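Here are the chains, one letter per residue:
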Amino acid sequence: MPTAPTILSDVPGSFAWGVFHERHPKLVRQVLDALPYGPAERAAVEELLVESTGGVLQPLGTSAHDHRQWREWGADLFGKPWDEAPFLWAESYFYRRLLEATGYFRPGAWHGIDPFAPFKNAELAGPAVVDELAALDDLPSLPAKKRSDVLLASALWGNRADLALRLTGPAGDARPALLADDSPLLWSTLAASGSPRVCLLADNAGRELLPDLVLIDHLLTAGQATEVALYVKPAPYYVSDATTADVLATLDRLRAEAGREAGRIGGRLWQAMNDGTLAIRTHPFLCAPLPFSDLPADLRAELSGAAMTIVKGDLNYRRLVGDRLWAPTSPFAERVGHFPSPVAALRTLKSDVIVGLDEPVVAGLDATEEEWRTSGTYGLIQVRTGA
């Protein structure tokens, strides 16, 4: 199979280097300011920051429930500098170690306390969500096709999207640019399936999970899916990645809008969970530092029967195509040929990885001075139909 250099974080000024040396220090300050952790937890978090920005990779202690699994995953990495590990692996391990430092998995007062919950809760309670929920009142008046396209676009752009603008704004308004749009293929694939089961691998909570749930409701009520499995992380991960608790909080936020379209959507989703047409799923591998080409057999089997698996977000895209410096014109279908079902990637570009673009598009973007791969300005919908 064709290959490409694995992305590392060893080049000063690179995006991956900036994650460890600029983003993570800010995150650590925010986490320690957001919750009143005690001296032991605070010291452990500070030690992790020092280690991850200039030290060598240390394994989890033997008391950690998953220390054997991580020793296997990092068999050739522990004892080496963090920036010599693959970026995807090292970034994932940072978040696992952050949970260890804050006591998330250990018996005690901080057991099960999401260190990112204050950020997630603030976003879900914020004024932008109020506007998004109000905008849902316009959904029933839209023609079916426009409703499908609007909700797919909102799920793609996540917290860069303003649903109200997408529902009511003029066709020429300023919006982020799609570099690839296979949405017609997504809809036609679902339509051609006699009894479509859809899997959706969620990305972030808050304003990103909200349009995911609205899209799921639309798929079910419009008959574009007979059942949906929503996959979330089994533990807090990458700051805002959605967990089961985040799904329930978002459902509660929808259902609180009694008498409005948001409340009706929340009620339908609640009932769909009751009758099994919507199921929340998770798996330890969803927090693994590995690409989806290494899916374990049980998760591969779960996904293999889907008419379509919708993969949300930048991190899932990195895991789907492989976190490597592929040529941007490398065919998407080749990079995801390992996946066990037809797959659609909905992604806002926030990292270096990109495949499946046309040469003129790449040439035009490269001719600018913009950091287009990581700016979050551009997005894509890419689909591979064969399983």
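Residues numbered from 1 in each chain as written. Predicted model: local features only at pLDDT ≥ 70, side-chain atom pairs only at ≥ 80, totals over all residues. Heavy atoms only, no water.

**Some remarks on the nonpolar core**
Within soluble globular proteins, side chains that are nonpolar generally end up buried alongside one another. One finds Phe94, Tyr317, Leu320 and Val321 to be the most contacted residues of the largest nonpolar core, which totals 72 residues. When residues of this core are assigned to their parent elements, the largest contribution, nine residues, is made by helix H4 (residues 87–102). Leave out the neighbours within four places in its chain, and Phe94 touches Phe20, His24, Leu27, Val28, Leu48, Ser52 and Trp82. Counting residues in hydrophobic clusters, the runner-up holds 47 residues, among them Ala153, Trp187, Val198 and Ala225. (Core = buried A, V, L, I, M, F, W, Y, C linked by side-chain atoms within 4.5 Å. Buried < 20%, exposed > 50% of the residue type's maximum accessible area, 1.4 Å probe, protein only. Helix = DSSP H or I, 4+ residues; strand = E, 2+ residues; numbered from the N terminus. Contact = heavy atoms within 4.5 Å.)

**Details of the packing of helix H1 (residues 15–34) against H4**
Between H1 and H4, the shortest axis-to-axis distance is 11 Å and the interhelical angle comes to 10 degrees. Taken together, the axis directions place H1 and H4 in an arrangement best described as roughly parallel. For the pair H1 and H4, the contacting residues are Phe15, Ala16, Val19, Phe20, His24, Leu27 and Val28 in the first and Phe87, Ala90, Glu91, Phe94 and Tyr95 in the second. Among the residues making up the contact of H1 with H4, the classes are represented as ten nonpolar, one polar and one charged. (Axes fitted to C-alpha atoms, helices over the stretch in contact; angles between N-to-C directions. Parallel < 35°, antiparallel > 145°, perpendicular 65-115°, else oblique. Nonpolar A, V, L, I, M, F, W, Y, C, P; charged D, E, K, R; others polar.)

**Some thoughts on the pairing of strand S7 (residues 378–384)**
Here is the key point about a regular strand: its side chains alternate between the two faces of the sheet. Most of S7 sits out of view: seven of its seven residues are buried. On S7, burial covers both faces: Tyr378, Leu380, Gln382 and Arg384 on one face and Gly379, Ile381 and Val383 on the other are all buried. Pairing geometry for strand S1 (residues 177–181) and S7, over four bridges, is parallel. Within S7, the residue paired with Ala177 across the bridge is Tyr378. Of the strand pairs in this sheet, strand S6 (residues 343–348) and S7 are connected by six bridges, and their pairing is antiparallel. Residue pairing in the sheet places Ala344 in a bridge with Val383 of S7. (Pairing = 2+ DSSP bridges.)

**Description of the confidence of the model for the protein chain**
Confidence in the prediction for the protein chain averages 93 pLDDT; 95% of positions are at 70 or higher. Every residue in residues 168–174 scores below 50 in pLDDT, and together they form five contacts with partners more than four places removed in sequence or on other chains. (pLDDT = per-residue confidence, 0-100.)

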